[in-house]
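Letter by letter, the chains look like this.
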Amino acid sequence: MPVSSRPRHPRRRAGTDGGGNMPAVAHLLADDERIVGGVAQRDDDYALVLGGRVVASTDSAGMAIAMLRHARVTLSTDDTPLTVRIAPALENPATREAETAGLTLEAYLTALEAERVERADDRLAASRLQ
C-alpha cells in the first residue's frame, strides 16, 4: 500500500495561534443564557463574532461595544430577545476612550450609534443615485 506524502494533520503556521488566544470580552446572549455572539480581543484589536465568524473588527473598545449593541438590536426578535454582557476588560478601555472625548461612556456610545446611522443613511442615498 503506498504511503501518502500528505501529513495526517495540517501543520500550524509559525507565529499563529489559530484563534486560540482571543479571549471573549463581551457576550451577546439569548434569554436562556445561550451565547449568540460576542466580542473577542487580540492584542489591541476587538473582533465582533457572530455565528462563529468574525464579521467586523476595530481597534476601538467603544466601537466594539457599539457594534455589539447594534447586533443585539438587529438580531433580537419577540421570540428571542438578546442581551449584552460586557466584561471590565472591554468596558474599562471604552470608558477611557469616552473620557478622552469628554463624554460619559453612555454618551460616547450614543454618539457612535448616531455616526453609524448617518453613515448608513449616506450609503443608502449614494446607492439610490446609481
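For the structure, see preceding data.
A. Seen up close, the pattern of salt bridges. One pass over the full model with this rule turns up five salt bridges. Arg116 is paired through a salt bridge with Glu113; the nearest N and O atoms lie 2.7 Å apart. Of this pair, Arg116 and Glu113 both sit in helix 3 (residues 105-129), three residues apart, which is roughly one turn of the helix. Using a relative accessible area of 29% as the deciding quantity, one classes Arg116 as partly exposed. Take Glu113: its relative accessible area is 28%, and that puts it in the partly exposed class.

B. Structural context of the nonpolar core. Formed by 22 residues in total, the largest nonpolar core has its most connected members in Val39, Tyr46, Leu68, Leu90 and Leu109. Listing elements by their share of this core, those giving two or more residues are strand 1 (24-30), strand 3 (45-50), helix 1 (61-75), helix 2 (88-100) and helix 3. For this core, the leading source of residues is helix 1, giving seven residues.

C. Structural view of the environment of Leu82. Here Leu82 is to be found in strand 5 (residues 82-86). Considering only alpha carbons, one finds Leu82 and Arg34, 48 residues apart in sequence, at a separation of 9.6 Å. When neighbours within four sequence positions are excluded, Leu82 is seen to be in contact with Leu28, Leu29, Ala30, Val36, Arg72, Leu75 and Ser76.

D. Structural detail: the environment of Thr104. In this structure, Thr104 sits in the loop between helix 2 and helix 3. Since its relative accessible area comes to 52%, Thr104 is described here as exposed. The spacing of Thr104 and Ala94 is ten residues in sequence and 9.8 Å in space, taken between C-alpha atoms. In terms of polar contacts, Thr104 uses its side chain to reach the backbone amide nitrogen of Ala107, at 3.1 Å.

Cut-off values and rules
- Counting starts from 1 at the beginning of each chain's written sequence and moves along it residue by residue.
- Per-residue local features of the predicted model are confined to residues with pLDDT of at least 70, and side-chain atom pairs are confined, for both listing and counting, to 80 or more; whole-chain, interface and lining totals are unaffected and use all residues.
- The basis for the side-chain values is all heavy atoms of the structure; hydrogens and waters are excluded.
- Within this document, salt bridges are pairs made up of a side-chain nitrogen of Lys or Arg and a carboxyl oxygen of Asp or Glu, the two lying within 4 Å of each other.
- Helix and strand definitions follow DSSP, with helices as H or I runs of at least four residues and strands as E runs of at least two, each counted in order from the N terminus.
- Throughout, exposure labels follow a simple rule: accessible area from a 1.4 Å probe, protein chains only, divided by the maximum for the residue type, with under 20% read as buried, over 50% as exposed, and the rest as partly exposed.
- Among buried residues, the Ala, Val, Leu, Ile, Met, Phe, Trp, Tyr and Cys ones that are joined through side-chain atoms within 4.5 Å form a nonpolar core.
- We call two residues contacting when some pair of their heavy atoms lies within 4.5 Å.
- Definition of a polar contact: a pair of N or O atoms within 3.5 Å, with one able to donate and the other able to accept a hydrogen when the atoms are protein atoms, and with sequence-neighbouring residues admitted only if both atoms are side-chain atoms.

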